[in-house]
Amino acid sequence: MKIIIYGIGGAMGKFVYEAACREDEVVCGVDKFADKDKFPVPVYDCCKEITENADCIIDFSVREAIYDYLPFAVERKIPCVIATTGYDEKELAYIGQAAKTIPIFKSGNMSVGINVLLRIAKLAASVLGNQADIEIVETHHHRKVDAPSGTALLLADGIKKVLPDKQYVYGRYGHTGKRKPEELGIHALRGGTVVGKHEVTFFMNSEVITVKHEAESRAVFAEGSLSAARFLIGKKPGLYDMDDMLTQ
C-alpha cells in the first residue's frame, strides 16, 4: 500500500511510520508540528500541499484534523482509517457524511485484543442482563487528552447495544444513595506511562467477573491501523469498524 500518515510526528504517528515501512510505502506525512528533517519522506502542514498518490490515509492526530483530510480524501476517493477519538456529535456527523463517498474505518481502539474483549463483554452482558452491576475502568498515561477514553466508550456502547436501558455514570462524583440497576459506571485513571488498560467488571451476588486488556506497546495500535487500511482496499463507501474486519 501507499500510505499517507496524518499526525506522523506524534507518538502514534511514529509507530505507524516504522510499522508501515516494513511492508508498505509511506508516500508522505502531514503534521505542522513535526520535525520534518527527521523523516525521509515529505511532511506537509496540510493536505492542500500533497501531490503524491496514495491508497489510504491513516489518522492518529487530533479531532479537528478531519476538516483538513476528509475533503481531500473525498475529492481524490482515498479510503481513510480514523484512529483519533473524542469526537462530538457534529464531528461524527461530518465523518458519516464523508463515508457516503469513501470507505472509512473508524474505531475507538485499533487493537485486535481490545475488540476481542469487547465481544466477551457483550456476551457476558447478554447472559447476565440486569443480574450484574457493570463497571468499566480505564487507565492511561498522564498525557492522555480525552477522558473517558474512546476505548472505554467503545466498550460501554457495545454493552448498551445488548442492554439498551443502561445509563452512563461517569466517576460517580456527587452521587449518593443506592446504585440503580440501569447504571453503567465509567471511570478514568491517569498516571505515569501506562499505554492503555481497560477492565470490565460484572458484580453479582456473591461473585464477580472481571475481563481486562492491557496494551504493553503502542505498536499494537499501529499494526491494527495497517490491517484496517488493508481491509479498506476495494471496499464500497461506508463506515466500517473492527467488528467488520474481524468478521471478515
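For the structure, see preceding data.
Described in the following lines is the structure provided in the data block. From a predicted model like this one, the values you see are computed outputs, not experimental measurements.

1. Overview of helix H2 (residues 66-76)
Next, step 1: Every buried residue of H2 is accounted for by Ile66, Asp68, Tyr69, Leu70, Phe72 and Ala73.
Next, step 2: Taken from the residues just after H2, Lys77 is the one with a positive phi, measuring 60°.

2. Side note on the packing of helix H1 (residues 11-23) against helix H6 (residues 219-232)
Next, step 1: Interhelical geometry of H1 versus H6 gives an angle of 55° and a closest axis separation of 8 Å. Classed by the angle they form, the pair H1 and H6 counts as oblique. Handedness of the crossing formed by H1 with H6: right-handed. Across the interface between the two elements, Met12, Phe15, Val16, Ala19, Ala20, Arg22 and Glu23 from H1 touch Ala219, Phe221, Ala222, Glu223, Ser225, Leu226 and Arg230 from H6.

3. Topic: the packing of aromatic side chains
Next, step 1: One pass over the full model with this rule turns up six aromatic pairs.
Next, step 2: Taken together, a centroid distance of 5.2 Å and an interplanar angle of 50° make the contact between Tyr6 and Tyr69 tilted. Of this pair, Tyr6 sits in strand E1 (residues 2-6) while Tyr69 sits in helix H2, and the two are 63 residues apart along the sequence.
Next, step 3: Judged by centre distance (6.4 Å) and plane angle (85°), the rings of Tyr168 and Tyr170 are edge-to-face.
Next, step 4: The class of Tyr170 is partly exposed, set by a relative accessible area of 45%.

4. A closer look at the side chain of Thr84
Next, step 1: Here Thr84 shows up in the loop between strand E5 (80-82) and helix H3 (89-98).
Next, step 2: One polar contact links Thr84 to Asp59, side chain to side chain, over a distance of 3.0 Å.
Next, step 3: A polar contact of 3.0 Å, which involves the side chain of Thr84, links it to the backbone nitrogen of Ser61.
Next, step 4: Filtering out sequence-adjacent residues up to four positions away, Thr84 remains in contact with Asp59, Phe60, Ser61, Val62 and Arg63.

5. Description of the pairing of strand E6 (residues 103-106)
Next, step 1: The pairing of E5 with E6 spans three bridges and is parallel. By the bridge assignment, Val81 is partnered in E6 with Phe105.
Next, step 2: Between the parallel elements E5 and E6, the chain passes through H3 in a crossover that is right-handed.
Next, step 3: By the bridge criterion, three bridges tie E6 to strand E12 (residues 238-240) in an arrangement that is parallel.

6. Overview of unusual backbone geometry
Next, step 1: Following Ala147, the chain continues into Pro148 via a peptide bond in cis, with omega recorded as -5°.
Next, step 2: Position of Pro148 among the secondary structure elements: in the loop between strand E7 (133-140) and helix H5 (150-162).
Next, step 3: We note that Lys77 has phi near 60°; this positive angle belongs to a residue other than glycine.
Next, step 4: Here Lys77 is to be found in the loop between H2 and E5.
Next, step 5: Lys77 sits in the exposed class, given a relative accessible area of 53%.
Next, step 6: Phi angles above zero are rare outside glycine, and Arg172 is one such case at about 65°.

7. Things to note about a nonpolar patch on the surface
Next, step 1: Together, Val112, Val116, Ile120 and Leu246 make up a nonpolar patch on the protein surface, roughly 280 Å² of accessible area in all.
Next, step 2: Take Val116: it is sitting in helix H4 (residues 112-128).
Next, step 3: In this structure Val116 comes out as partly exposed when scored by relative accessible area, which is 40%.

8. Some remarks on the sheet that holds E12
Next, step 1: The parallel open sheet is built from seven strands, whose spatial order is E3-E2-E1-E4-E5-E6-E12. Of all the strands in the sheet, just strand E3 (43-44) and E12 have a single pairing partner and so form its edges.
Next, step 2: Where H3 meets the sheet, it contacts E5, E6 and E12, and its direction lies at approximately 145° from that of E6.

The rules behind each value
Residues numbered from 1 in each chain as written. Predicted model: local features only at pLDDT ≥ 70, side-chain atom pairs only at ≥ 80, totals over all residues. Heavy atoms only, no water. Buried < 20%, exposed > 50% of the residue type's maximum accessible area, 1.4 Å probe, protein only. Helix = DSSP H or I, 4+ residues; strand = E, 2+ residues; numbered from the N terminus. Axes fitted to C-alpha atoms, helices over the stretch in contact; angles between N-to-C directions. Parallel < 35°, antiparallel > 145°, perpendicular 65-115°, else oblique. Left-handed = near helix turned anticlockwise from the far one by under 90°. Contact = heavy atoms within 4.5 Å. Phe/Tyr/Trp six-rings, centres within 6.5 Å; stacked < 30°, edge-to-face > 60°. Polar contact = N/O pair within 3.5 Å; in protein donor to acceptor, adjacent residues only side chain to side chain. Pairing = 2+ DSSP bridges. Right-handed = clockwise from strand over helix to strand, strands pointing away. Patch = residues over 30% accessible without salt bridge, like charges linked within 9 Å, V, L, I, M, F, W, Y side chains within 5 Å. Areas by Shrake-Rupley, 256 points an atom, 1.4 Å probe, with all protein chains shown as cover. Salt bridge = Lys/Arg side-chain N within 4 Å of Asp/Glu carboxyl O.

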